[in-house]
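Reading the structure
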Amino acid sequence: MAPGSDEVIRTEALTRSFPMGSTIVHALRGVDLVIRRGEYVAIMGPSGSGKSTLMNLIGCLDTPSSGQYWLSGQPVAQLGQDDLARIRNKTIGFVFQTFNLLARATALRNVELPLIYGGVPPAERRARAEEALQQVDLGTRMDHRPNQLSGGQRQRVSIARALVTKPALLLADEPTGNLDSKTSAEIMVLFDALHRAGNTIVVVTHERDIAEHAHRIVTIRDGQIASDELRKRPEAIAP
Amino acid sequence: MNFVEGFRLALESIWANRLRSFLTLLGVIIGIAAIISTAAVIQGLNSYVSEKLSNLGKGVFTVQRVGLITNREAFLAAIRRNRKLLPADGRAIIERCPSASAVAWETHATIDIKRGTNEIRDVDVGGITPGILEIEPFEVADGRILAQHEEDGSAPVVFVGNDIVERLFPGIDPVGKDLRIKGRDLRIVGVAAKKGSILGFSQDNFVKIPFSLHRKLFGTRRSINISVQAAVPEDMETTMDEVRTVLRARHHLEPADDDDFTFLTAEGINTLWRSLTATIFSIALFVVGISLVVGGVVIMNIMLVSVVERTREIGVRKAVGARQRDIVLQFLVEAVLLSCVGGLIGVAIAWGLSELLAAYTPLPARFPSWAPPVAFLICAGIGVFFGIHPARRAARLDPIEALRTE
Ligand SMILES: Nc1ncnc2c1ncn2[C@@H]1O[C@H](COP(=O)(O)OP(=O)(O)OP(=O)(O)O)[C@@H](O)[C@H]1O
Ligand SMILES: [Mg+2]
């Protein structure tokens, strides 16, 4: 294998700015970040420091103003709309702070959604969605709509949706931001299990004890990486 | 995403907003219902007319002074220019047209007829040579029709239509009774079978008397209509040419002059009628076309609103991997389905309306079988045409922007 081939994410001098009338907001000011397969990374930093902006770029939901981004060795800038859609569909699982579930659809339908766009046939789709929901312990709530579920359950549905395509990379932007500490703890247990199962995970969080679950904590301040601290060796890629 | 998925999504979404969907569709519903109802009425009239004309048998034509009246000027010009047709013209045709197997004529007058305290107005009094009954057969309900010897002797006899019986002889068997016409008592020899009405005009308000009697009662100045049966029905043209030659000679027309009489054939009447209804239909089509365009614009508008309302949903879909074409498909299918639901309701209304019209009005409306597929095509077209813009707009939304909206 070529050196660097286990890099899932590589960014170089990544910037993102938003023109706001006459001024320009520089949300990211040159981020260099490498994340390898099997890593469990927490991104911390004060509010407005650019964490979500970075996650959106990594998740191929947004495009950088300048700089380079390679996803699994492939330069993302060269990809077209359909390619990006395919990557969002197959390679990346994204968990949002605000869940972003379809209000009118059941938990099962919500989890099926990525598979629909992935062209998975109905029967297999259903089986996989059920499996994913069981994995997050929601086997009994499949026919509930989001407004019939608790906040923690909703977040677990959105995690099931992120996992159902078996993505190489799981991105979570403050997955526990809207949850109480007990529910947060449950979600983090789930993430730990996913990491042990070999998933590469990037979690944005405000809370130190959430970040402690990760093996590496990257801190962002004013759109730049302020610190990058390796806490212990990630188990999953340990020999 | 495939078509089935899109269809399912569209149904869910339309159902979730059913009242709004219905209101949105009013334009399309009314447009489709109106166009099909119009078509139903015209179709009904057309088949009615050709049914009625089919008793003008094959190879039969009529020569008249004035043709079918389509406008006032043409009518007045014909009255001014065309000579009256007289029995002598008819006799000349009998003598000099070998390819005519039967020739007969009829003339008309309109009078009111009284019997005791009962009166019936505007009765069409036809004076016929009995031969016409072979060319244009009459259905007899009671008694018999007029005989040749009655024509020869100007016998005071009359054959009556059903209205005369109903109005003047309620509950009485009229055959053998007298009917006073123009001061003469005429013996009723028979009653015609009821024909019903066309567009509210009764077809039974008539009596028939011998032609020779008609001349005595109403004078000899009235023009006649001459009915001719061609011996070879397939070669009616030859017979018409013979008749034309005879009449032109009798009327001393120069070769350059137009005919001063008109031929009427079942086919000709049919053609005229159809061109008339086609005009009505195309006017209706134009008016309804406008309503369909308005309906389409309303659909476009509601789809644009829907795209704005569902921005977040679109963001979610794009975030989990929907491509632009998936979103376009979703919204396009929704617009098409919406419009087709409108078409379906419109077709149903038109069907109900044409049944009602046929049952409760003189209009013989008949629901056309081509209506559902044509309505479907039109509505699908409207959906695609007016849905593509909102669908594109939805597909081009930026996922992050879309997810940010509340
Ligand atoms: N679409 C946008 N338009 C304008 N400014 C934006 C946009 N998105 C982000 N910003 C700005 O970029 C900066 C970084 O925002 P970002 O959402 O990445 O912060 P964050 O670190 O995720 O904060 P928080 O912890 O509150 O979620 C902020 O100043 C924000 O106002
Ligand atoms: Mg954020």
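The rules behind the values
- Residues numbered from 1 in each chain as written.
- Chains lettered and ligands numbered in written order.
- Predicted model: local features only at pLDDT ≥ 70, side-chain atom pairs only at ≥ 80, totals over all residues.
- Heavy atoms only, no water.
- Helix = DSSP H or I, 4+ residues; strand = E, 2+ residues; numbered from the N terminus.
- Rg over C-alpha atoms; globule rule 2.2 N^0.38 Å.
- Buried < 20%, exposed > 50% of the residue type's maximum accessible area, 1.4 Å probe, protein only.
- Contact = heavy atoms within 4.5 Å.
- Areas by Shrake-Rupley, 256 points an atom, 1.4 Å probe, with all protein chains shown as cover.
- Lys, Arg positive; Asp, Glu negative; His and termini not counted.
- Charge placed at Lys NZ, Arg CZ, Asp CG, Glu CD.
- Core = buried A, V, L, I, M, F, W, Y, C linked by side-chain atoms within 4.5 Å.
- Buried area = accessible area lost by both parts, 1.4 Å probe.
- Salt bridge = Lys/Arg side-chain N within 4 Å of Asp/Glu carboxyl O.
- Domains from an automatic or database assignment.
- Axes fitted to C-alpha atoms, helices over the stretch in contact; angles between N-to-C directions.
- Parallel < 35°, antiparallel > 145°, perpendicular 65-115°, else oblique.
- Left-handed = near helix turned anticlockwise from the far one by under 90°.
- Nonpolar A, V, L, I, M, F, W, Y, C, P; charged D, E, K, R; others polar.
- Phe/Tyr/Trp six-rings, centres within 6.5 Å; stacked < 30°, edge-to-face > 60°.
- Lys NZ or Arg CZ within 6 Å of the ring centre and 35° of its normal.
- Patch = residues over 30% accessible without salt bridge, like charges linked within 9 Å, V, L, I, M, F, W, Y side chains within 5 Å.
- Pairing = 2+ DSSP bridges.

A few points about the overall build of chain B
A tally of regular secondary structure across chain B gives 14 helices and 12 strands. Over its C-alpha trace chain B gives a radius of gyration of 32 Å, far above what one expects of a compact globule, namely 22 Å for 406 residues. Within chain B, the fraction of its 406 residues that count as buried is 48%. Within chain B, contacts between residues at least 6 apart in sequence are counted, and of these 77% link residues at least 24 apart. Accessible area of chain B: about 19900 Å², with a carbon and sulfur share of 60%. Positive and negative side-chain charges in chain B, numbering 45 and 43 respectively, have mean positions lying 5 Å apart.

Considerations on the nonpolar core
For soluble globular proteins, the rule of thumb is that nonpolar side chains tend to be buried together. Judged by nonpolar contacts, the single largest core of 77 residues is most densely connected at A:Ile9, A:Ile43, A:Leu54, A:Leu71 and A:Leu169. Broken down by element, the residue count for this core peaks at 12 residues, all from helix α12 (residues 324–360) of chain B.

Brief notes about the interface of chain B and chain A
Contact with chain B, which involves 26 residues of that partner, is made by 20 residues of chain A. Across the chain B to chain A interface the summed buried area is about 2100 Å²; carbon plus sulfur atoms make up 54%. In this structure, B:Glu5 engages A:Arg109 in a salt bridge whose closest nitrogen and oxygen atoms are separated by 3.4 Å. If you list the elements that add at least two residues to the side of chain B that touches chain A, you get α1 (3–16), α11 (311–319), α12 and α14 (399–404) of chain B.

Comments concerning the pattern of salt bridges
Under the definition given, this model contains 34 salt bridges over all chains. Its salt-bridge partner being A:Glu7, residue A:Arg10 comes within 2.7 Å of it at the nearest N-O pair. Classification of A:Arg10 as partly exposed rests on a relative accessible area of 26%. Within this structure, A:Arg109, A:Glu112, A:Arg125 and B:Glu5 form a network of salt bridges that share partners.

Regarding the domain arrangement of chain B
Its domain assignment divides chain B into domain 1 (3–51 + 271–404) and domain 2 (60–264). A separation of 52 Å is found between the C-alpha centroids of domain 1 of chain B and domain 2 of chain B.

Some remarks on the packing of helix α5 (residues 151–163) of chain A against helix α6 (residues 181–196) of chain A
Between two packed helices, what matters for the description is the angle formed by their axes and the separation of those axes. Residues and elements named next belong to chain A. Running from amino to carboxyl end, α5 crosses α6 at an angle of 15°, the nearest separation of the two axes being 10 Å. One element, α5, and the other, α6, form an angle in the roughly parallel class. Viewed along their axes, α5 and α6 form a crossing whose handedness is right-handed. Along the contact surface, α5 presents Gly152, Gln155, Arg156, Ile159 and Leu163, while α6 presents Thr183, Glu186, Ile187, Leu190, Phe191 and Leu194. Residue classes in the contact of α5 with α6 are distributed as six nonpolar, three polar and two charged.

Here we look at the packing of aromatic side chains
Residues and elements named next belong to chain B. Taken as a whole and assessed by the stated rule, the structure comprises seven aromatic pairs over all chains. Seen from their ring centres, Phe138 and Phe159 are 5.7 Å apart, and the 75° between their planes marks the pair as edge-to-face. Of this pair, Phe138 sits in the loop between α5 (132–135) and β4 (140–143) while Phe159 sits in strand β5 (residues 157–160), and the two are 21 residues apart along the sequence. Seen in terms of ring centroids, Phe138 and Phe206 are 5.7 Å apart; in terms of plane orientation they differ by 45°. Their pairing is tilted. Of this pair, Phe138 sits in the loop between α5 and β4 while Phe206 sits in strand β10 (residues 206–210), and the two are 68 residues apart along the sequence. Judged by relative accessible area, Phe138 falls into the partly exposed class, the value being 22%. A relative accessible area of 5% places Phe206 in the buried class. Counting every residue linked through ring pairs, the aromatic cluster contains Phe61, Phe261 and Phe263. Above the ring of Trp15, the side-chain terminus of Arg18 is found at 4.4 Å from the ring centroid.

Comments concerning unusual backbone geometry
All names here are of chain A. With phi around 50°, Ser72 is a residue other than glycine that occupies positive phi space. Mapped onto the secondary structure, Ser72 falls in the loop between β4 (66–71) and β5 (74–75). Phi at Asp222 takes a positive value of approximately 50°, unusual for a residue other than glycine. The exposed category is assigned to Asp222, whose relative accessible area is 59%.

Notes on the environment of B:Lys177
All names here are of chain B. Relative to the elements of secondary structure, Lys177 occurs in the loop between α7 (162–168) and β6 (178–181). Judged by its relative accessible area of 33%, Lys177 falls in the partly exposed class. Once the C-alpha coordinates of Lys177 and Arg392 are considered, the two residues, 215 residues apart in sequence, prove to be 82 Å apart. When near neighbours in sequence (up to four residues on either side) are disregarded, Lys177 contacts Phe169, Ile172, Leu186, Arg187 and Ile188.

A short note on a negative patch on the surface
There is a patch of like negative charges on the surface, built from B:Glu234, B:Asp235, B:Glu237 and B:Glu267. Structurally, the position occupied by B:Glu237 is in helix α9 (residues 236–250).

Examining the sheet that holds strand β1 (residues 7–20) of chain A
All names here are of chain A. If you trace the four strands from one edge of the open sheet to the other, you get β2-β1-β4-β5, paired in antiparallel fashion. Two strands close off the open sheet at either side, each with one partner strand: β2 (23–36) and β5. The pairing of β4 with β5 spans two bridges and is antiparallel. Across the sheet, Leu71 pairs through a bridge with Gln74, a residue of β5. Packed onto the sheet, helix α1 (residues 51–58) meets β1, β2 and β4 and runs at close to 60° relative to β2.

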